[in-house]
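# Descriptive structure summary
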Amino acid sequence: QSNTNISQAQRKEIQASAHSRAEQMRAELEILEKGNETVEQLIRQSGDDAGTWEGYKLSVTLGKAQENPDSDYSQELKQQATDYGLATAFSKNSNGINSGDVQNSIKTGVEAFAEFLLTEYQTERAALSSLQNTTVNENTVTGKNVTTMLLSVSSSVFASAGGMGDFQKLTNKTESALDLLNSLVDVIDTYPRSTVWNLWGLWKTKAQKAVVSDANDIKDKIKQTNEYLNDQEFKGLVDEVFSEKSYKNINKKDDIQRLIDYLTGKQPDPTATPTPTSIPTPTATPSPTPTLVPPSPTPVPKDYETVSSISKLTAVEGYQKVYIVEIESFAYIYITNGNEKLTFSIGKEDEQETVSKIVNECDLNPKVVTNAGFFDSTEPSVEHFGVLRFDNKEWETVSNNKDGINVYDRRVIEANTFIQWPDRTEIRKITDAAEVKDAIWAVGAGYSLVQNGTIAVEIEDNKIVTTGNDWYDPGDRRSRTMFGVNSQGNYISVVVERSKVSKGANAYIEAKIMHQLGAVNAINFDGGGSSTFWYGSVKNKPETKKGDERKIGSVMIIFDPNENKK
């Protein structure tokens, strides 16, 4: 502006050129920033946990340390390892956490990974001494020495070279799905507890990438085995275990063990003489200095069976725990035999109690106890909605609402009533409790599931429609308690669990389960946090905040009258 030797026109031309160049540079910078943001966002969002971004940075620094062994990366490694521990513990990346805010009382849990890196030399003295050709002096370990030590530790802890050798040997094994799965578990077991990232995560060391590549080859091989191609149930389990969504929600090792358990259950008689099979001698793989790894725990036998769909459930007298792949849920089932009888109880009058407490106070020797009817959780004295008749008595005839008004008669009408007559059962609405005075027992409950042998729940316009009433939320996947009777007069009791490992059931799923188990009449009891299945102990995980039992109003009890009372 102060240069008087140029004309006004020249000045405007120079300004226009400068502005144009500035806009061009801004555009280029914006492109670069967007590219960086995209890469960072992908890394931040692609992992199985919030520690992915911090772990990625840590793995980059480890790579730098490997490429520059004369440089001291110890402080950077310590800080990044601490950030990783914080991110994992608090589900936040380091830019959202101030490590100074972390209390000393939780230091062990938060910084365990970082402290592991900096103290591992105590168990890796031999490897460190070999690298330095000297004796380790704990009092004179420098940052540079620590970096060197970390590199030796990372080669055994993070790369798990022995595990890589196991992967390589798989190419010489027979194409058995069971062999492949067992090898996969063996390799996972070579990783110490402190190495927490997922085999299928985004960020990895070079050695981990090699392991993951072979792991993916194993998954592909499993899908080419005879077991996968010819066994539809096994195929469904494999597809579920290795589905993309399962990586974030399922403990992979436990789920792989479930596949192994399935195949083991189908193995031929081990005493039979096997047909000799020629197995090539595997190519020897150089072994690194062995790393001490805690022995694998003895596998705990599973306490449940797995079926692919509801249609595969079988009606068997006695107790079953079944995982149904179709609905991704656990079901707890009991079907009575001809000797066992059924009754109801409210425990102590005018007091809600847990199922376990009612069992302990019961003078019978119960086989199975579940929660039964609906109740008012805000009023401890209200233990049942609708009629409840057993032992020749009508119980719970007072049902006060929030205004203190007794609405018992209204709730008798609103409830859907399951009635056991001397010669038959039926489910219907009643208008007066006197209608069931001659019944062996009668219980007011929720909607019908099966009525006269036919499923009583329908789907219309993608909405679940129930019969009797709609107590409560029939379209939601929740913990559910079901009760019914089959054509032989045997009772069927079922609880489907909703928890971190089980998705629960809606009314239509309930109806399909009870119909498949042979019910001619079945009804929905109270559910959600109330659902409790007791068979010697509480078997299901209650759907409560802490996973403990909820105090409920009434229970159904299955017992054998021929067995001694308590």
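Refer to the structure above for everything that follows.
Definitions and cut-offs
- What you see as residue numbers is a count from 1 along each chain, following the sequence as written.
- Local features in this predicted model are restricted to residues of pLDDT 70 or higher, and side-chain atom pairs are both shown and tallied only at a pLDDT of 80 or more, whereas totals for entire chains, interfaces and linings draw on every residue.
- Water and hydrogen atoms were dropped before computing side-chain values, which therefore reflect all heavy atoms in the structure.
- Helix and strand definitions here come from DSSP, where helices need a minimum of 4 consecutive H or I residues and strands a minimum of 2 consecutive E residues; each element is numbered from the N-terminal end.
- For each residue, the accessible area found with a 1.4 Å probe, counting protein chains only, is set against the maximum for its type, and the residue is called buried under 20%, exposed over 50%, and partly exposed in between.
- Contact criterion: two residues are considered in contact whenever any of their non-hydrogen atoms come within 4.5 Å of each other.
- Think of a polar contact as two N or O atoms within 3.5 Å of one another; within protein, one of them needs to be a possible hydrogen donor and the other a possible acceptor, and neighboring residues in sequence only count if both atoms come from side chains.
- Here, the term nonpolar core denotes a set of buried Ala, Val, Leu, Ile, Met, Phe, Trp, Tyr and Cys residues that are joined through side-chain atoms within 4.5 Å.
- This arc describes the spread of directions from the helix axis toward the C-beta atoms.
- For two strands to pair, DSSP has to find at least two bridges joining them.

### Regarding unusual backbone geometry
Positive phi is not limited to glycine here, since Glu328 has a value of about 55 degrees. Tracing the sequence through the fold places Glu328 in the loop between strand 2 (318–324) and strand 3 (329–335). In this structure, Asp350 takes a positive phi of about 55 degrees despite not being glycine.

### Re the environment of Asn452
For Asn452, the position within the fold is in the loop between strand 11 (448–451) and strand 12 (454–455). Given a relative accessible area of 67%, Asn452 falls into the exposed group. Taking C-alpha positions, Asn452 is 8.8 Å from Ala519, a pair spaced 67 residues apart along the chain. Beyond its immediate stretch of four places on either side in the chain, Asn452 contacts Val520 and Asn521.

### What about the side chain of Ser309?
With respect to the helices, strands and loops of the structure, Ser309 is situated in the loop between strand 1 (305–307) and strand 2. Residue classification places Ser309 among the buried residues on the basis of a relative accessible area of 14%. Polar side-chain contacts of Ser309 include one of 2.8 Å to the side chain of Ser311. Other than its neighbours up to four places away in sequence, Ser309 contacts Ile324 and Glu326.

### Overview of the nonpolar core
Within the largest apolar cluster, 45 residues are counted, with the highest numbers of intra-cluster contacts made by Phe234, Phe344, Trp441 and Phe525. With five residues, the top contributor of residues to this core is helix 13 (residues 252–264). Non-local contacts of Phe525, meaning those with residues more than four positions away in its chain, are made with Phe344, Asn371, Ala372, Phe374, Val443, Ala445, Thr481, Phe483 and Met556. Counting 27 residues, the second largest nonpolar core, distinct from the first, contains Ala331, Ile335, Val496 and Ala519.

### A look at helix 11 (residues 232–241)
Looking at helix 11, one finds that the buried residues are Phe234, Leu237, Val238, Glu240 and Val241. Mapping the buried residues of helix 11 onto a view down its axis gives an arc of 165 degrees, with all of them on the same face. Of the residues that open helix 11, the one with a side-chain oxygen 3.1 Å from the backbone nitrogen of Glu233 is Asp231.

### What to know about the pairing of strand 8 (residues 416–420)
Counting buried positions along strand 8 yields five of five residues, so the element is predominantly enclosed. Alternating positions in strand 8 separate into two faces, Asn416, Phe418 and Gln420 on one and Thr417 and Ile419 on the other, with burial throughout. In this structure, strand 8 lies alongside strand 10 (residues 441–445), joined through five bridges in antiparallel fashion. Pairing of Phe418 across the sheet is with Val443, part of strand 10.

### Regarding the sheet that holds strand 21 (residues 555–559)
Within a sheet, neighbouring strands are paired by backbone hydrogen bonds and run either parallel or antiparallel to one another. Strand order in the open sheet made by the four strands is 4-21-5-20, with antiparallel pairing throughout. One side of each edge strand has no neighbouring strand; the edge strands of this open sheet are strand 4 (341–345) and strand 20 (533–534). Of the pairings in the sheet, the one linking strand 4 to strand 21 comprises five bridges and is antiparallel in character. Considered in strand 21, the bridge of Phe344 is made with Met556.

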